[in-house]
Amino acid sequence: MSLFDFFNEQEKKPQDDVTPSFVDVFKEAMDAKALDMRVSMPAEVIRYDHTKQLVDVKPFFKRKANDGQLIDPPVIYNVPVAFHRAGESFISMPIATGHSVLLVFADRSMEKWLSSGARGDPEDTRHHHISDAIAIPGCYPFSNAAPVHNSEDVIIKNQNIEFRIKPSGKVQILNGRFELLKVIDEWMRADISGAHPWKIAIRKKFITFLQS
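Here the structure is a predicted model, which is why all the values come from computation and not from measurement. (Residues numbered from 1 in each chain as written. Predicted model: local features only at pLDDT ≥ 70, side-chain atom pairs only at ≥ 80, totals over all residues. Heavy atoms only, no water.)

### Notes on the overall build of the chain
Okay, step 1: If you tally the helices and strands in the chain, you get five helices and twelve strands.
Okay, step 2: Here the chain holds 212 residues, and 18% of them are scored as buried.
Okay, step 3: Here the analysis covers contacts within the chain between residues at least 6 apart in sequence; of these, 43% occur between residues at least 24 apart.
Okay, step 4: For the chain, the exposed surface amounts to about 17000 Å²; the carbon and sulfur share of it is 58%. (Helix = DSSP H or I, 4+ residues; strand = E, 2+ residues; numbered from the N terminus. Buried < 20%, exposed > 50% of the residue type's maximum accessible area, 1.4 Å probe, protein only. Contact = heavy atoms within 4.5 Å. Areas by Shrake-Rupley, 256 points an atom, 1.4 Å probe, with all protein chains shown as cover.)

Rendered as structure tokens:
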């Protein structure tokens, strides 16, 4: 058999008969390990406990089995919610069933730290485990983006009430129907000389408050 015939015979062999190289085996093992390592993913809120800031969530992403079947993700219970907080100062938002959050999975077990806040050995060997998720509110798809009025104001909104802090230092309070400050300004400028004494007294107190 010539050298040409030898290589031609090798190419005709079925792929299953070819022994995979060490590099191929190593790469396949690393890919499988990477698929099992959780980092972050969006999830839907199933239940929220505002007293402990814990949510039960279900990830949006399904997993595909080797046979191509899609497997529903499990519900993850008692996930701590990471609100904006510094010491005794915090901003709490009204999380409800159906809202979206971003899950971040810790490098090590959080069980001991969550129960006591203690430093030291987590006393558990798990890494990026589904039980060690943290929920961050505010992760939504493009189809459900927040109705942000502009990119300059600091905006705080709850249902129909919107609070805007402008770069100029001015503040707007809107309730979906009218601008509250505009109504107050019109009330301050209106002639109430013939109004009931208690209305005149209230406006005087309000003027005193603004000037203090």
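On we go from here.
### Here's the deal with the pairing of strand 1 (residues 40-49)
Okay, step 1: Bridge analysis of strand 1 against strand 8 (residues 100-105) gives five bridges, and the strand direction is antiparallel. Opposite glutamate 44, over in strand 8, you have serine 100 as the bridge partner.
Okay, step 2: Pairing between strand 1 and strand 2 (residues 54-59): six bridges, direction antiparallel. Considered in strand 2, the bridge of tyrosine 48 is made with valine 55.
Okay, step 3: Connecting strand 1 to the antiparallel partner strand 2 that follows it, the hairpin turn spans four residues, and glutamine 53 within it adopts a positive phi of roughly 55°. (Pairing = 2+ DSSP bridges.)

### Looking at the pairing of strand 8
Okay, step 1: For strand 8 and strand 9 (residues 133-137), the ladder comprises five bridges, and the chain directions are antiparallel. Following the sheet pairing, leucine 103 is matched in strand 9 by alanine 135.

### Comments concerning the sheet that holds strand 5 (residues 76-80)
Okay, step 1: The sheet built from five strands is open, its strands ordered 5-2-1-8-9 with antiparallel pairing. Looking at which strands have only one partner, the edges of the open sheet turn out to be strand 5 and strand 9. Within the sheet, the average angular offset between the axes of one strand and its neighbour, ignoring direction, is 50°. (Axes fitted to C-alpha atoms, helices over the stretch in contact; angles between N-to-C directions.)

### Focus on the sheet that holds strand 10 (residues 154-158)
Pairing between the strands of a sheet is mediated by backbone hydrogen bonds and can be parallel or antiparallel.
Okay, step 1: Read from one edge of the open sheet, three strands run 10-11-12, paired in antiparallel fashion. The sheet terminates laterally at strand 10 and strand 12 (171-174), the two strands that pair on one side only. Strand after strand, the sheet turns through a mean of 10° between neighbouring axes, direction not considered.
Okay, step 2: Two elements, strand 10 and strand 11 (residues 161-165), share five bridges in a ladder whose sense is antiparallel.

### Here we look at a nonpolar patch on the surface
Okay, step 1: Side chains of Val154, Ile156, Phe163 and Ile165 sit close together on the surface and give an oily, nonpolar patch of about 320 Å² of accessible area.
Okay, step 2: Elements with a minimum of two residues in the nonpolar patch: strand 10 and strand 11.
Okay, step 3: Structurally, isoleucine 165 can be placed in strand 11.
Okay, step 4: Judged by its relative accessible area of 34%, isoleucine 165 falls in the partly exposed class. (Patch = residues over 30% accessible without salt bridge, like charges linked within 9 Å, V, L, I, M, F, W, Y side chains within 5 Å. Salt bridge = Lys/Arg side-chain N within 4 Å of Asp/Glu carboxyl O.)

### Here's the deal with the nonpolar core
Okay, step 1: In this structure, Val55, Val57, Val79, Ile95, Val101 and Leu103 are the most contacted members of the largest nonpolar core, which totals 16 residues.
Okay, step 2: Contributions of two or more residues to this core are made by strand 1, strand 2, strand 5, strand 8 and strand 9.
Okay, step 3: In contact with valine 55, not counting residues within four places along its chain, are Val45, Arg47, Tyr48, Ile76, Tyr77, Asn78, Val79, Val81, Ile95 and Ala135. (Core = buried A, V, L, I, M, F, W, Y, C linked by side-chain atoms within 4.5 Å.)

### As for the pattern of salt bridges
Okay, step 1: Counted under the stated rule, the structure contains nine salt bridges.
Okay, step 2: When the shortest N-O distance is used, the salt bridge between aspartate 124 and arginine 126 registers 3.4 Å.
Okay, step 3: A salt bridge links glutamate 162 to arginine 164; its shortest N-O distance comes to 2.4 Å.
Okay, step 4: Each of Glu111, Asp124, Arg126 and Asp132 takes part in one network of salt bridges that share partners.

### A few points about the environment of alanine 96
Okay, step 1: Among the structural elements, alanine 96 can be located in the loop between strand 7 (89-91) and strand 8.
Okay, step 2: Between the alpha carbons of alanine 96 and aspartate 49 there is a distance of 9.5 Å; along the sequence they are 47 residues apart.

### Comments concerning the side chain of glutamine 172
Okay, step 1: Within the secondary structure layout, glutamine 172 lies in strand 12.
Okay, step 2: Within the local environment of glutamine 172, its side chain forms a polar contact with the side chain of lysine 166, the two groups lying 3.5 Å apart. (Polar contact = N/O pair within 3.5 Å; in protein donor to acceptor, adjacent residues only side chain to side chain.)

### What about the environment of valine 75?
Okay, step 1: Mapped onto the secondary structure, valine 75 falls in the loop between strand 4 (70-71) and strand 5.
Okay, step 2: Judged by relative accessible area, valine 75 falls into the partly exposed class, the value being 32%.
Okay, step 3: For the pair valine 75 and glutamate 44, spaced 31 residues apart in sequence, the C-alpha to C-alpha distance is 9.5 Å.

The analysis is restricted to geometry; functional conclusions fall outside its scope.
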